[in-house]
Amino acid sequence: MNSLDPSASISFSVSTKHVLLSEILSVTSVMRKNSRWALPVPLVSSRDSTLATSLGLRVPKAVLSSYASSHGSTEQELMAGFQDLKRLVKDIEDIHSLPISTLLSPFLAIIRSPLSTGPITSAALTALHNFFLCGLIRPKTPSLQSSLADLSSALSSCKFEASDSSGDEVTLLKIMMVIQDAMCGSVGQTLGDIEVCEMLETVLTTSCQMRLSEILRRSAEGTLHQLVRTVFFRLYDLNPEVEERKLADNGDMEGGEMKMSVSASGSSSEGAAPTDNSGAYNEDRPAETAAPSTEDHPPQTPSAPRPAFGLPSILELLRVLINILDPNDKAHTDSTRLTALRTLNAAVEVAGQRICAYPSLCALILDHGCKYLFQLARSDNPVILQTALRTIATMFETMRPKLKLQHELFLAFTIDRLAPPSVSSSKNLPLAQKALTSTPGPNSSAPSTPHLGPTPPENGSEKTPSTPRILVPPARGDTRELLLETLCQISRHPSFMVDLYVNYDCDMNCENMFERLIEFSAKGIYPVQNLGSSDFHLQNSQYLCLDLVLAFVGRMAARAEGAGEQWPAHFPHPEELQYAKSKKKLVLTGTSLFNAKPKTGLAFLEENKLIYTDSDEPRSLSLAKFLKNSARIDKRLLGDFLSKPENTDVLKAFMGLFDFRGKPVAEALRELLETFRLPGESQQISRIAETFAEVYFATKPEEVKSQDAVYVLTYSIIMLNTDLHNPQIRKRMSLEDYMRNLKGVNDGADFSVEYLANIYESIRKREIVMPEEHTGQLGFEYAWKELLARARQAGDFLMCNTALFDEDMFKAVWRPVVSAIAYAFITFDDDYIIERAIAGFRQCATLARQFDMPDVFDFVVVSLSQATSLLSDSQPTQVPNYPVVEVDGQATTVSSLSVKFGTNVKGQLAAVVLFNIVNGNANALREGWTQIFEMFQTLFLHSLLPPRMLQMEDFLGGTSAIPLRRSQPARTQPRSDGLLSALSSYLMTPYSSSTDALVPDATDIDVENTLCAIDCISTCRLDELYSQIIQLEPEALVAAIRALEALAHERTVARLKLESDDGISAPGSGQSSPYSLPYDPASVFLLEMMVSIARQTPQHIEEVWPIVFEHLSALLSTPAQYSVLLIERAVVALLRLCLILAERHTLRDQVYLAFDVLARLPPTVATSVAEQVVAGLKLILQQHPNIVHSQTEWNVVFSLLRSTISHPEASRQSFGILSSIVDDGPKQLVTPDNFNGLVNALDEFATVAGIAVDAQQQGRRTQSLNASNSPIVERGRKAIDMIADLKKFWSRFAESSGLQKNQIWRQFGLPILTALARQASNTSREIRHAAIVHLQRILLGPHLPIDEDNHGQIEDIFNRVIFPLLDELLKPQTLLRDPLGFPETRLRASALLCKAFMQFEARESQQADIRILWIQVLDLLDRLMHVDRRDQLYEAVPESLKNVLLVMNATSLLIPPTSPETRNERQVSLWAATHERIERFLPGFLDEIIPTPPLQPASQAAPVPNS
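Residues numbered from 1 in each chain as written. Predicted model: local features only at pLDDT ≥ 70, side-chain atom pairs only at ≥ 80, totals over all residues. Heavy atoms only, no water.

A. Structural detail: the overall build of the protein chain. Within the protein chain, the regular secondary structure consists of 65 helices and six strands. Counting the 1507 residues in the protein chain, one finds 53% classified as buried. About 65600 Å² of surface is accessible on the protein chain, with carbon and sulfur atoms providing 51% of the total. (Helix = DSSP H or I, 4+ residues; strand = E, 2+ residues; numbered from the N terminus. Buried < 20%, exposed > 50% of the residue type's maximum accessible area, 1.4 Å probe, protein only. Areas by Shrake-Rupley, 256 points an atom, 1.4 Å probe, with all protein chains shown as cover.)

See the structure below:
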């Protein structure tokens, strides 16, 4: 307080006595200048009369009485006062010993006197001011309190003759100055409540007098603000409990003395002060509150010391300021309200928080203060609006804990004015939005809250009843900006959004204000149409909304980093609030359904356990409690629902929830009807009235004798309420009429006059306002009363900057927030805004990572990627020939994108921000990978990716880059330049296209822009991101692979289908040939990146493999329709992944699925990728030799190897693999499972060699191919030896596997012999001869695994080995393949036939019937002998046949006829068949070789043995 003392820092060298005498001189000098004051008039002073009496003189009583009645009423008396004072202090050195009242008396008399002029009064006021400055008036001065009371009275009743207006206003200014000295100085705390009120009223009235000059009023207002701050600062020194108790005890004892009022009536006569004959200048004040005139009643000093001013004067000041704000009070002008607003703001600024400690002060603010302020917040006067909003903001800044529902209402009003809702959605408006209606609509489901929107305009001159107003008109121009600025100011606290969420979104009876505000702020960043605002206003509004959104994100990010506060223990538990929030969603849904269709709503409420949860509680009571406590139920629908016959139990239970005990019937009915609206049908009203009568009569009300009497009273009150307050009824019902209508209804008796009069007056003074019924001020007052009733139950506004609810909050609003930030970033050009938007993106990423919300990252990436201009709408496959320039020794491609991107600063910013966010947060990304890789693809096509991302590894090591353009080579062209042959060949293929000559030149500007683009890409650290992808967690990694697969699929499989369906065919191929896609470098890039990531994350191969394999198998299912390079890379990719799959036992079957896909490639494609297939397969078998176990698996491997045989280089490696299997090593690799597959593979190698020889012989241009000059023939020759060598495993298999001899024969013996027999007709002479030699050795050797007693096996040798061989050799086309060599082969084969027959069939122990087999042999010998008579066979066959016949004869198989017959039946039939068949091609040959013995007599014939 001392800091406000005007004399605190001033010291006087002169004495206070000197100052006093100087001021007396100053005042009297001015007085003497006035002619009236200078006239010599006889005067009898009190001192003279005392002297005369002491000397024994007689003084006339008339003179004394005249003095007594007119002391100070004449100029001379006023002058004499100063003379007396001078005499009094003349001989006193310490004037502080004198009562201060004595020293001030003549000065105060001048101020009070209407005889004084402006200059005189001004001089007296100046003197008082100097007395304060020099310390004459100080706290310890005797009789200070009474003197200050006199001073206050004098100042408040100051009168003087008006002169010139400027001089008079100077006097008024000095009054303000002295008042400020008194209240703000060191003696201020000595003032009493009455004095403070007088002084405040004086200054307040002066500042509101419109007839005074602007300067004076503004100066007075400044003084008023200083006084108000001083007064309200006093609250910090007072004890709230003590002061409130004193206030309650004193009641209204001092109310009359302290009552303040303000009048601006002088505003009608603005200008100079009146100068009538009386010459009195008096501040206009209402007669009833003017201070008593000193002419009639000299000021009375208090006999006992009064306490210093406190709560009563402060309360009175606050009451006056708030009452001035009432917009419906026509006694005050906008100027007066403006003054009151500014003054109230000053008071709240100083002591807003402290006011909350005083219930009496707080009640004023909460009720009338907020009500009037909110009404002024819709004023059309821009100054009033601005000042009201400032005061509201200050109020919320300092008193927010006590203003929970008022805060909600103001926010809802502001949002509705800034973003009005659509009319179509008015039926289900949220709670605070309904608060902005002048009266809620018929289907409203919200608690009635005051209307802050402007009233509807009147149409023409005819006044019509106001209609319900759902929407407030949107704020425009400066008003809109002002509201937004206020909203931003209110929301500046770090905990603001958390507080909204905790207090409103988690409160069942409040609106989701947090979500509404964020939704509004996010939408406000987008341009708003039809608001009539200038571009500047529109843009500034967008900036303000963006500031709200970014502040929300920034504060939440700060809390995530540890800036949050601890949740206070006395606050509700966070889990309770979160439960209330979740329950609120269900209640909102349930009430919405109920309002639409009660039956559906009740079913939903019961299903979600919002009603009927207590089995011990009646269902009707449970439902009644819900309906009564739910503020969102449509009140009209509720009345209709309760009054239905089937809901009588619910109606009774509903009314049973009210406590009507001791309440008058009118008040009880008022309380009931404020919860629902009466239905329109009389039967429904009657049902409600009957139930009310029953419930109310049960409380035993006084003077009511029966339930029927209550029923009649109820109806009468309803009718009376309508009659007295319906504007369409002109003749109102009088009390007498009302009493006459109720005669005899109280069980035959009359109600007392007093009883009915009380009912009548209650209804007359306060209308029963049913929900959703009234508009205008009445509806507003009712709604405000409802808000106050709710406020008493709502509790304080909780404030805590906690992070406990951040996750729920962010999950609720992140999508519009990120969208809005992205729009701002893309749209706005202001560097500061862009910088803040970038920070917002990063903070959103921080929160998304904190709350594990990958959707947010995806949304951020999608939003930012659209701003980078690196996403292409089209899918170009042909990359133009861009110019390449050398910059600092580096080849730089100047593409169209690099030039465009280099000039797009915002796009570069977006790219940098995007990749900086993704870097380090890659694990949080899911769907956003599609945009990331799409940008990679675009950068790749324009040569802007880092080199590392273009280096593709292969099996044999080394790296290579994907060509952007290529010339299509022939698919079947053999190559032997290693595994990277396809890739490198395309790289090395010269660009022979005719478009090469059309490469444009790059300008210096283009090069500079390209370098800018390259620098930006470098800043994005794409290679780091690529490294992070390898470190991804499984879920994120799978998402990345899926994104790559989707992009690759779109450029390959999907595009092929689309273009094929469109009927596009390959040029020059005719409509019948399938369409094939041209070379697309992006598809190769995507494939390589996908496989590279999968290969470098082997730990996650189980998750990744199905995605990659799906794409690879789709490509390889129609390989001829894609470019060679793409298919080659797909094959390599498949085998590279198989290397990883082979390490996992659980994925071994997937390896063979991959092998099977490769084995089914068409021959032309298989040949082109044969090297890669063999190299990959070889690597897999080398690193994982145990991967192949079953026969099926071996068959897949051999099938894959066989598919590569036609490729010269690949076949060499394939044969090496087979050789390594056959060769004896430390571990036997040949097993029963791979034996047959091995034989078939080797057999095919020999076959391919024969084909090669045959093809060479067809050309006949070079020497014949053989093992020495042809690797193919050499491999075929070795294959025969290897097949024959496999016979050594027969015995091993028999020992190791325990197989029977017949099994060995069937599974392992016969396949070798069959293969050798096939190759015995090979075109290659070396292979053919080697095969027949090995065949003969095996058949005639000792190790053939057959059972001689098993004739079926013998038949297999002939039918499946020898006979097919001879059949093939006898074919003419076979001979044509080698006309010179095949005769010898036939000769050897015929010899083998005869030897084999002799060994296996012409045995002594032969018991089987060999006749059929023998005839087949003779048939073949016949054909061999006669195939070419010039051939050696013609002579060799009879010789071989001769040997066979002799052996058969020797073994008693072939016996000629004897006489008598001694042969058995088998010998007879065999001889007959043999003789018959040989006679066909060698007549007499059999008889010659085996002559028939001479016939013997029958008696000598030996007995015929039994056959």
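After that view of the structure, there is still more to cover.
B. Local environment of the nonpolar core. W929, I932, F933, F936 and F1155 are the most contacted members of the largest nonpolar core, which has 394 residues in total. Sort the elements by how many residues they give to this core and helix α48 (residues 1124-1141) lands first, with 13 residues. Apart from the residues lying within four places of it in its own chain, the contact partners of F1155 are L1135, C1138, L1177, I1180, V1196, V1197 and L1200. Core analysis: the next-biggest nonpolar cluster, separate from the first, contains 55 residues, F626, L638, A693 and V710 among them. (Core = buried A, V, L, I, M, F, W, Y, C linked by side-chain atoms within 4.5 Å. Contact = heavy atoms within 4.5 Å.)

C. Examining the pairing of strand β4 (residues 890-893) more closely. Relative to β4, strand β3 (residues 884-887) runs antiparallel, the two sharing four bridges. Looking at β4, one finds that V887 is bridged to Q890. Following β3, the chain reverses through two residues before pairing antiparallel with β4; D888 in that reversal takes a positive phi of roughly 55 degrees. (Pairing = 2+ DSSP bridges.)

D. Representation of the state of the cysteines. For the structure shown, the criterion picks out zero disulfides. Free of any disulfide, C356 has its nearest neighbouring cysteine sulfur in C362, separated by 4.9 Å. (Disulfide = S-S within 2.5 Å.)

E. Region of the structure containing the layout of surface pockets. As a volume, the second largest pocket reaches approximately 1100 Å³. If you go around the second largest pocket, you meet 40 residues; those closest to its centre are N509, N629, A789, R790 and Q793. Those elements that place two or more of their residues in the lining of the second largest pocket are α18 (404-418), α21 (496-505), α24 (574-596), α26 (619-629), α27 (635-642) and α34 (776-794). Looking at the lining of the second largest pocket residue by residue, the class counts come to 20 nonpolar, eight polar and twelve charged. (1 Å grid on protein atoms, 1.4 Å probe; cavity = no way out; pocket = protein on both sides within 12 Å on 5 of 7 lines; lining within 4 Å. Points joined across faces, edges and corners; volume = space filled by probe spheres on them. Nonpolar A, V, L, I, M, F, W, Y, C, P; charged D, E, K, R; others polar.)

F. Seen up close, the confidence of the model for the protein chain. When pLDDT is averaged along the protein chain, the result is 81, and 84% of the positions lie at 70 or above. Helix α19 (residues 431-434) is the least confidently modelled element of the protein chain, averaging 36 in pLDDT, while helix α47 (residues 1101-1117) averages 94, the highest of any element. Within the model, the stretch residues 266-303 combines pLDDT values under 50 with 61 contacts to residues more than four positions away or in other chains. In this model, residues 1065-1071 is a region of pLDDT below 50 whose contacts with residues beyond four sequence positions or in other chains number six contacts. (pLDDT = per-residue confidence, 0-100.)

G. Representation of the side chain of R1463 within the structure. Structurally, R1463 is set in the loop between α63 (1433-1450) and α64 (1465-1481). Of the polar contacts made by the side chain of R1463, one reaches the backbone oxygen of I1455; its length is 2.8 Å. Looking at R1463, its side chain comes within polar contact range of the side chain of E1461, at 2.6 Å. (Polar contact = N/O pair within 3.5 Å; in protein donor to acceptor, adjacent residues only side chain to side chain.)

H. Expanded view of helix α11 (residues 214-233). Counted at 1.5 Å a residue, the expected span for α11 with its 20 residues is 28 Å, and the 28 Å between its end C-alpha atoms agrees. On the buried face of α11, the contacting elements are α9 (165-184), α10 (193-208), α14 (311-324) and α15 (334-355). (Expected span 1.5 Å × (residues − 1).)

I. Focus on the pattern of salt bridges. Taken as a whole, this structure holds 56 salt bridges when the rule is applied. The structure contains a network of salt bridges with shared partners spanning E214, R217 and R218. (Salt bridge = Lys/Arg side-chain N within 4 Å of Asp/Glu carboxyl O.)

J. Local environment of the packing of helix α44 (residues 1034-1051) against helix α45 (residues 1053-1061). Two elements in contact, α44 and α45, have axes whose closest approach is 3 Å; the angle formed by their N-to-C orientations is 25 degrees. What the angle tells us is that α44 and α45 run roughly parallel. When α44 is examined against α45, the residues H1049, E1050 and R1051 are found in contact with a partner set consisting of V1053, A1054 and R1055. Counted by class, the contact of α44 with α45 contains two nonpolar, one polar and three charged residues. (Axes fitted to C-alpha atoms, helices over the stretch in contact; angles between N-to-C directions. Parallel < 35°, antiparallel > 145°, perpendicular 65-115°, else oblique.)

K. Highlighting helix α62 (residues 1411-1426). Between its first and last C-alpha atoms α62 spans 22 Å; for 16 residues at 1.5 Å apiece the expected length is 22 Å, and the two agree. Packing partners of the buried residues in α62 comprise α59 (1351-1369), α61 (1382-1400), α63 and α64.

L. Just the packing of α59 against α61, in detail. At a closest axis distance of 10 Å, the pairing of α59 and α61 adopts a crossing angle of 165 degrees. The angle between the axes of α59 and α61 places the two elements in the roughly antiparallel class. For the pair α59 and α61, the sense of crossing is left-handed. Contacts between α59 and α61 pair I1354, I1357, F1358, I1362, F1363, L1365, L1366 and L1369 from the former with F1382, T1385, R1386, A1389, S1390, L1393, A1396, F1397 and F1400 from the latter. Counted by class, the contact of α59 with α61 contains 14 nonpolar, two polar and one charged residues. (Left-handed = near helix turned anticlockwise from the far one by under 90°.)

M. Structural detail: the packing of aromatic side chains. Under the definition given, this model contains 45 aromatic pairs. On the numbers, 5.4 Å between centres and 75 degrees between planes, the contact of Y711 with Y715 is edge-to-face. Of this pair, Y711 and Y715 both sit in helix α31 (residues 707-725), four residues apart, which is roughly one turn of the helix. The exposure class of Y711 is partly exposed, given its relative accessible area of 23%. By relative accessible area, Y715 is classed as partly exposed at 24%. Taking 6.0 Å as the distance between ring centres and 80 degrees as the angle between the ring planes, the aromatic pair formed by F825 and F841 counts as edge-to-face. Taken together, the residues span a long stretch of sequence, with F825 in helix α35 (residues 806-827) and F841 in helix α36 (residues 831-850) at a distance of 16 residues. Using a relative accessible area of 0% as the deciding quantity, one classes F825 as buried. (Phe/Tyr/Trp six-rings, centres within 6.5 Å; stacked < 30°, edge-to-face > 60°.)

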